[in-house]
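# Geometric and topological summary
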Amino acid sequence: MLLQPGHDGRKYRNVLPTRVDPSSGYAALLRRYLFEKGERAPRRPLGPFRADAAALAAPVPAAALRATWLGHSTVLLEVDGRRFLTDPVWCQRVSPTPLVGPKRFFAPPLALADVPPLDGIILSHDHYDHLDPAAVRALAGRTARFYCPRGVGAHLRRWGVPAAKISELTWWDEVAVAPDFKLTATPARHFSGRGLSRDGTLWASWVLQGPRHRVFFGGDSGPFDEAFRQIGERFGPFDLLMLEIGAADAEWADIHLGPDEALRAHQLLGGGPLLPLHWGTFNLALHAWRQPVERLLEAAAPTVPLLLPAPGQRVEVAQGALNSQWWK
């Protein structure tokens, strides 16, 4: 039986027991934050990184599979003649206010004004580091549609996106982008909320199925073996997998993968080229900012094709593994 999200009529809940708050308490977490040593943010400025806006604006070839990582979970995907953007975040700080909160390590490598016309914007959930109101407003006229989990459409409508341009899906729902191209919302193990509200909207991963290629976008998720197995069996093999590796910690191990669990998820999904997300852009955890990618490189088997481009660097997935070492 395919996994379905829990819902009590008011809030969504995870299929597995999932701890969101630190088990040691916030006082212990504060002590760690204040006294644990580590380079949680770069000591020197990063970049500038520059995407090739002119190249990205050119028509997408019918057989293309390209990815341009713009930082964190924002990726410009070119798949089988179509162009999508995941979790658009251009803001300087990911928090309810621009005055405080985690600050971006480097400027976005592509200006909002240079984002080319899109077939769709794909949203995994409504947390501040995945959903930026200013970016939504700026891009609303440049995308054919927004695809999001149930409940997230209310945010979009509040920010001026016409309801007719929003598709809200629950797990395993699918929607046709074209007769030969569809998107499917798939399970994830996380939580949602903005401000003081929590879990009023759903969270999801996504499968993109074009006529030639299949892509998996994991969004945010903790370990979820049965879900990853079901997704792999139903949709795999994938030509590209995008999984989060950063902002992980033992205190919240149920809601983020981290490098080791990302590799396990990659295996359960059936393997394939892996583009790691959710690292190297914001200080959202207690680990060193380079730790996720360094651990990934250490733990990955030689057979795992890792795609590690610099921010803004366009990747031709068919060309195989890439290690830019931009973080060094």
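Residues numbered from 1 in each chain as written. Predicted model: local features only at pLDDT ≥ 70, side-chain atom pairs only at ≥ 80, totals over all residues. Heavy atoms only, no water.

## Here's the deal with the sheet that holds strand β3 (residues 65-71)
As a reminder, the rule being used: If DSSP finds at least two bridges between two strands, the strands pair. Going along the chain from the N terminus, every DSSP run of H or I of four or more residues is numbered as a helix, and every run of E of two or more is numbered as a strand. Lines fitted to C-alpha atoms define the axes, with helix axes restricted to the stretch in contact, and inter-axis angles between N-to-C directions lie between 0 and 180 degrees.
In space, the seven strands of this open sheet follow the order β8-β7-β6-β5-β4-β3-β16, with mixed pairing throughout. The sheet is open, and its two edges are formed by β8 (166-169) and β16 (314-316), each paired on a single side. Strand-to-strand twist across the sheet, computed as the mean angle between neighbouring axes with direction ignored, equals 20°. Where β3 and strand β4 (residues 74-79) come together, six bridges link them in antiparallel fashion. Across the sheet, arginine 66 pairs through a bridge with glutamate 78, a residue of β4.

## Quick notes on the nonpolar core
Stated formally: What makes a nonpolar core is a set of buried Ala, Val, Leu, Ile, Met, Phe, Trp, Tyr and Cys residues whose side-chain atoms join them at distances within 4.5 Å. Accessible area is worked out with a 1.4 Å probe on protein chains only. A residue is then buried under 20% of its type maximum, exposed over 50%, and partly exposed in between. Here a residue-residue contact requires only that any non-hydrogen atoms of the pair lie within 4.5 Å.
Core analysis: the largest hydrophobic core is formed by 68 residues, its most contacted members being Leu77, Leu183, Trp206, Phe216, Leu240, Met242 and Trp326. Contact partners of tryptophan 326, with chain neighbours within four places excluded, come to Leu46, Phe49, Trp69, Phe106, Trp279, Gly280, Trp289, Pro309, Ala310 and Pro311.

## What about the state of the cysteines?
Convention followed: Cysteine sulfur atoms that come within 2.5 Å of each other are treated as a disulfide pair.
Using the criterion set out here, one finds zero disulfides in the structure. For the unlinked cysteine cysteine 91, the closest cysteine sulfur is that of cysteine 148, found at 18 Å.

## Quick notes on helix α7 (residues 291-299)
Side chains of residues three or four places apart in an α-helix project in the same direction, reflecting 3.6 residues per turn. Selection rule: Note: the arc covers the axis-to-C-beta directions of the helix.
Within the span of α7, buried status applies to Pro292, Val293 and Leu296. Looking down the long axis of α7, one finds its buried residues gathered within 95° of arc, a one-sided arrangement.

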